[in-house]
Amino acid sequence: MREEILLNQTNALQLEKLYRGNKPGFKSAFNALYPELSSNPLAEGWYQRLNYSSDELFWGTPAERAFVVVASLLAALLAKLPELLSISEGFYYPRNAGFVIAPALMAYFAWKNAVSWKTRGLAILLLVGSVVFINWLPENEKSDTLVLSCLHLPLWLWSLLGAAYSGGKWKNGANWLEFLRYTGELIVMSGLLVLAGGLTTGITINLFGLIGWDIQPLFSKYIVICGLAAVPIVATFLTRVQPTLVNKIPSVIAKLFSPIALVMLVVYLVATLIAGKSPYHDREFLLLFNGLLVAVMALIFFSLAETDHSGGRRAQVVVLFLLSAVTLLVNSIALSAVLFRISEWGLTPNRAAVLGANVLMLAHLFYVGLKLFAVLSKKTGLSAVGTSLAIFLPLYSIWSAIVIFVFPFVFGFK
């Protein structure tokens, strides 16, 4: 590395390639060589780039901090509404858990992106309509359409949040891809906050237990619930004002688990054949099969978002292409199983929902796979893969809206 740097000390392009190929090694070798290169303006620029560190962390503007505090308090209030208004928790939380968080996050991005008041009005109308509709549905624990509406509601709210993140521009593929990256960062930061909060909770409860005070019921009832409601809001704030805190973690996770998921999926398919399990006749197995499919697809999507962002390497693209191909096979099996069950026992709300989701995922995987193959054939770049990934996201939003708002009427609220 030292020899390469010396050889290319005036070649900006080659220095960039060396840096991207081995960042830690480049930094170590460059800093050792810097006394010899200090008279070189290009070397001076690289030294400042490699060794720059901010004197203090930036924690947002006073307005941003005030927004986070107010939004967190409102989320906590919404989380405690069942107790304040004597509403059944079994009725409230399955229908309204998403509304505890989504409005605050949508308001944050609408504010930061200066979304027009016309678009804000439309977003408020959609949110209010969703609240009214989901709570208007008849209370029936055995209603498949009710369960499906509650399960698809977070996806619908997530897509509305994506529109707010994109500044109200549904067709902007680049913004949707950035929204995927934000989602990955939000999951990571929320997980870290929950872990830290869980550790603090355990220590606090046990410390008070040592002096004979049992604060667990009170702590769990108020502090824990209110804290969990505030976690996504605080996590979003942290990822926006301190982007370097977690922006590399999703990329590392994606690169680490993509090959693991590929091996696991192949082994699982072989084990399924050996065990004689069939999604065609075993309903629970088909549900688990589809759950596995959704999880692997989410990993593929986040991996592609991070690979496109970082430039990616050919080996990573090969792994993602193979993972897409195997997942496409799994999706085809699940889809054929759903069609078989419909032909044998008729169409139900659950089968219709799974059928639509599988068709959409199959088309999406096929399209993404074609773009990945084009990248491997050097016919296109990774940016085309990112576009193929983002272009389908509004379609998932439309499908979730159909399941939530149309299925109850089509299937008679059964």
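Residues numbered from 1 in each chain as written. Predicted model: local features only at pLDDT ≥ 70, side-chain atom pairs only at ≥ 80, totals over all residues. Heavy atoms only, no water.

## Some thoughts on empty space enclosed by the protein
Think of a ball as big as a water molecule: rolled over the atoms, this probe shows where empty space is left.
For step 1, the next point in the chain: Considering all chains together, one arrives at one cavity of 30 Å³ or more under this definition.
For step 2, the next point in the chain: As for the largest cavity, its lining consists of F67, V68, A104, L105, Y108, I233, T236 and F237.
For step 3, the next point in the chain: Those elements that place two or more of their residues in the lining of the largest cavity are α5 (62-79), α7 (89-112) and α11 (216-241).
For step 4, the next point in the chain: Considered class by class, the residues forming the lining of the largest cavity number seven nonpolar, one polar and no charged. (1 Å grid on protein atoms, 1.4 Å probe; cavity = no way out; pocket = protein on both sides within 12 Å on 5 of 7 lines; lining within 4 Å. Points joined across faces, edges and corners; volume = space filled by probe spheres on them. Helix = DSSP H or I, 4+ residues; strand = E, 2+ residues; numbered from the N terminus. Nonpolar A, V, L, I, M, F, W, Y, C, P; charged D, E, K, R; others polar.)

## Details of the layout of surface pockets
For step 1, the next point in the chain: For the largest pocket, the calculated volume is near 1600 Å³.
For step 2, the next point in the chain: L151, H152, P154, L155 and V294 are, among the 50 residues lining the largest pocket, the residues nearest its centre.
For step 3, the next point in the chain: Elements with a contribution of two residues or more to the lining of the largest pocket: α7, α9 (144-165), α10 (173-210), α11, α13 (283-310), α14 (314-345), α15 (349-376) and α17 (393-405).
For step 4, the next point in the chain: Among the elements that line the lining of the largest pocket, the one with the most residues is α9, at 11 residues.
For step 5, the next point in the chain: Its residues assigned to classes, the lining of the largest pocket shows 37 nonpolar, nine polar and four charged.

## So, the pattern of salt bridges
For step 1, the next point in the chain: For the structure shown, the criterion picks out five salt bridges.
For step 2, the next point in the chain: For R49, the salt bridge goes to E16, with nearest N and O atoms at 2.9 Å. Taken together, the residues R49 in helix α4 (residues 41-51) and E16 in helix α2 (residues 12-21) connect sequence positions 33 residues apart.
For step 3, the next point in the chain: Of the charged contacts in the structure, one is a salt bridge between K221 and E83, with a shortest N-O distance of 3.4 Å. Of this pair, K221 sits in helix α11 while E83 sits in helix α6 (residues 81-84), and the two are 138 residues apart along the sequence.
For step 4, the next point in the chain: On the accessibility criterion, E83 (33% relative accessible area) is partly exposed. (Salt bridge = Lys/Arg side-chain N within 4 Å of Asp/Glu carboxyl O. Buried < 20%, exposed > 50% of the residue type's maximum accessible area, 1.4 Å probe, protein only.)

## Regarding a nonpolar patch on the surface
For step 1, the next point in the chain: Taken together, the side chains of L192, L195, I249, I253, L256, F257 and I260 define a hydrophobic patch exposed on the protein surface, amounting to about 620 Å² of accessible area.
For step 2, the next point in the chain: Going through the elements one at a time, α10 and α12 (249-275) are the ones with two or more residues in the nonpolar patch.
For step 3, the next point in the chain: Per-element tally for the nonpolar patch: the top contributor is α12, with five residues.
For step 4, the next point in the chain: Relative to the elements of secondary structure, I260 occurs in helix α12. (Patch = residues over 30% accessible without salt bridge, like charges linked within 9 Å, V, L, I, M, F, W, Y side chains within 5 Å. Areas by Shrake-Rupley, 256 points an atom, 1.4 Å probe, with all protein chains shown as cover.)

## Here's the deal with the nonpolar core
For step 1, the next point in the chain: Core analysis: the biggest nonpolar cluster contains 84 residues, and L157, Y182, L304, Y396 and F407 have the highest contact counts within it.
For step 2, the next point in the chain: Not counting residues up to four positions away in its chain, the partners in contact with L304 are L320, V368, L372, V385 and L389. (Core = buried A, V, L, I, M, F, W, Y, C linked by side-chain atoms within 4.5 Å. Contact = heavy atoms within 4.5 Å.)

## Regarding the packing of aromatic side chains
For step 1, the next point in the chain: According to the stated counting rule, one finds 29 aromatic pairs in the structure shown.
For step 2, the next point in the chain: Ring centres of Y92 and Y93 lie 5.3 Å apart, and the angle between their planes is 80°; this geometry places the pair in the edge-to-face category.
For step 3, the next point in the chain: For Y93, a relative accessible area of 26% corresponds to the partly exposed category.
For step 4, the next point in the chain: With a centroid separation of 6.0 Å and an interplanar angle of 40°, the aromatic rings of Y367 and F392 are classed as tilted. You can see Y367 sitting in helix α15 and its partner F392 sitting in the loop between α16 (382-390) and α17, a full 25 residues away along the chain.
For step 5, the next point in the chain: In this structure Y367 comes out as partly exposed when scored by relative accessible area, which is 30%.
For step 6, the next point in the chain: Look at F392 and you get buried, because its relative accessible area is 12%. (Phe/Tyr/Trp six-rings, centres within 6.5 Å; stacked < 30°, edge-to-face > 60°.)

Such coordinate-based values are descriptive only and should not be taken to indicate function.
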